[in-house]
Amino acid sequence: MRRLLAAATVLVSLLVVACGGDTDAGVTRGPASAPLVALTFDDGLNGETTRQVADLLEQAGMQGTFFVVGQTVEEQASLARALLEHGHVIGNHSYDHERAQADDREYAELGRAEAEFRRVLGVCPRYFRPPYGTETRYTKAAVRGAGMRTILWDVEVADWSEDDAARLAQHVLERVRPGSVVLLHDGSDGHPGADRTVLLRALPTILEGLRAKGLRSVGVDELLGERPYLASC
Ligand SMILES: [Zn+2]
C-alpha cells in the first residue's frame, strides 16, 4: 500500500510539472521549437472582412484562428462553414461579447456559444478567448468543466485603434517570434459591418514579413499539437 501511495505521489507531481502547476492558466504562446505562429482574429464573424482575411491567409498558404462571437454564427453560417472547409480554426469568443462579471458564478455565455456552434456548424470548439481578456475564477471553472482551453496571446498591437496599416504591420513583425499567438481583430464586439480596412491593408505585409522570417501562421491546434474541436459539448 505504501509503495502504491509513493507511486501515486510521483505520478501526481509529474502531472503538476507537466501542466506547469496551474491547469487554469490561459495559453499565451506555443513552443518556440518550430517556425510556427498563430494569427488569431477576434470579434467576428464580420461578413466580407472575415472573408477577405481568410482569402489573404489562403493565398499565402497560411491558416488563422477566428475567435467568433456565438450570436453572429446563424446569420453567417455559410461564411463560418467556408472557414472550416479551408482549414481555419473557429474558437469560442462568448455568445454576445459581454465582459465577464465578477459575481457571475455560472458564466453561461460559454456553454451558450458552444451550443450555437454545435447547432449551426456541428463543431464544439476546444478553444476559448475571453472577451476583453477578462477572466474570473468562474470563467476559469466553466472552461475547465467543459474540457476547453483558454487561449490568450503574447503579441498585441492595439490593432482596433490603429489607423496606419504600415505601422500596424511593423509592430506585429517587430514582436512576433516562433510560437507567438498574435491578437488581431476582424470584427468589433460581434457587430456586423465593423470597419477593419486598416487590418486588411496591413495583412499582406504581415504575411510577407512572416514568410521573410521563415515563419508560417497555422491554427492554434497545430501550434499546440492537439485537436481544435471536442467530441461533444
Ligand atoms: Zn473581443
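This text follows the structure it describes.
Attention in this report is confined to the structure presented alongside it. (Residues numbered from 1 in each chain as written. Predicted model: local features only at pLDDT ≥ 70, side-chain atom pairs only at ≥ 80, totals over all residues. Heavy atoms only, no water.)

One pair of aromatic rings is described through two measures. These are the centre distance and the angle between the planes. In this structure the tally under the stated criterion is two aromatic pairs. Aromatic side chains F41 and F66 sit 5.3 Å apart centroid to centroid with 25 degrees between the ring planes, which places their arrangement in the stacked category. Of this pair, F41 sits in strand β1 (residues 36-42) while F66 sits in strand β2 (residues 64-68), placing them 25 residues apart in sequence. Plain terms: the ring middles of Y107 and F128 are 6.0 Å apart, the flat faces sit at 65 degrees to each other, and that makes the pair edge-to-face. On the criterion of sequence distance, the pair formed by Y107 in the loop between β3 (89-92) and α4 (108-121) and F128 in strand β4 (residues 127-128) is long-range, its members being 21 residues apart. Each member of the pair Y107 and F128 is classed as buried. Lying over the aromatic face of Y132, R99 brings its terminal NZ or CZ to 4.4 Å of the ring centre. For R112, the ring lying beneath its charged end belongs to Y95, and the centroid distance is 3.8 Å. (Phe/Tyr/Trp six-rings, centres within 6.5 Å; stacked < 30°, edge-to-face > 60°. Helix = DSSP H or I, 4+ residues; strand = E, 2+ residues; numbered from the N terminus. Buried < 20%, exposed > 50% of the residue type's maximum accessible area, 1.4 Å probe, protein only. Lys NZ or Arg CZ within 6 Å of the ring centre and 35° of its normal.)

Now for the nonpolar core. Ranked by size, the top nonpolar core spans 43 residues in total, and within it L39, F41, L207 and L210 carry the most contacts. Sorting the residues of this core by element identifies β1, α2 (47-59), β2, α3 (77-85), α4, α6 (165-175), β7 (181-185) and α7 (197-212) as the ones contributing at least two each. Dropping the residues within four chain positions of it, F41 is found in contact with V53, L57, G64, T65, F66, F67, L184, D186, L199 and L203. Grouped together as the second largest cluster of nonpolar side chains are 11 residues, A38, F67, V89 and V220 included. (Core = buried A, V, L, I, M, F, W, Y, C linked by side-chain atoms within 4.5 Å. Contact = heavy atoms within 4.5 Å.)

Taken as a whole, the second largest pocket holds about 230 Å³ of empty space. Lining of the second largest pocket is provided by 17 residues; of these, D43, H97, Y132, W160 and H185 occupy positions nearest its centre. Its residues placed into classes, the lining of the second largest pocket shows six nonpolar, five polar and six charged. (1 Å grid on protein atoms, 1.4 Å probe; cavity = no way out; pocket = protein on both sides within 12 Å on 5 of 7 lines; lining within 4 Å. Points joined across faces, edges and corners; volume = space filled by probe spheres on them. Nonpolar A, V, L, I, M, F, W, Y, C, P; charged D, E, K, R; others polar.)

Turning our attention to α3. Along an α-helix, a turn takes 3.6 residues, which lines up residues three or four apart on a common side. Listing the buried residues of α3 in full gives A77, L79, A80, A82 and L83. On its buried face, α3 is in contact with α2, β2, β3 and α4.

Moving on: the pairing of β3. Neither face of β3 is exposed, since V89 and G91 on one face and I90 and N92 on the opposite face are all buried. Crossover handedness for the path β2 to α3 to β3: right-handed. (Right-handed = clockwise from strand over helix to strand, strands pointing away.)

Around the zinc ion, the protein contributes the donor atoms D43 (OD), H93 (NE2) and H97 (NE2), which lie 2.0 to 2.1 Å from the metal centre. Spacing between the donor residues of the zinc ion along their common chain follows D-x49-H-x3-H. With D43 in the loop between β1 and α2 and H97 in the loop between β3 and α4, this pair connects stretches of sequence that are 54 residues apart. When sorted by exposure, D43 lands in the same class as H97, which is buried. (Donors = N, O, S within 2.8 Å, 3.2 Å for Na, K, Ca; no water.)

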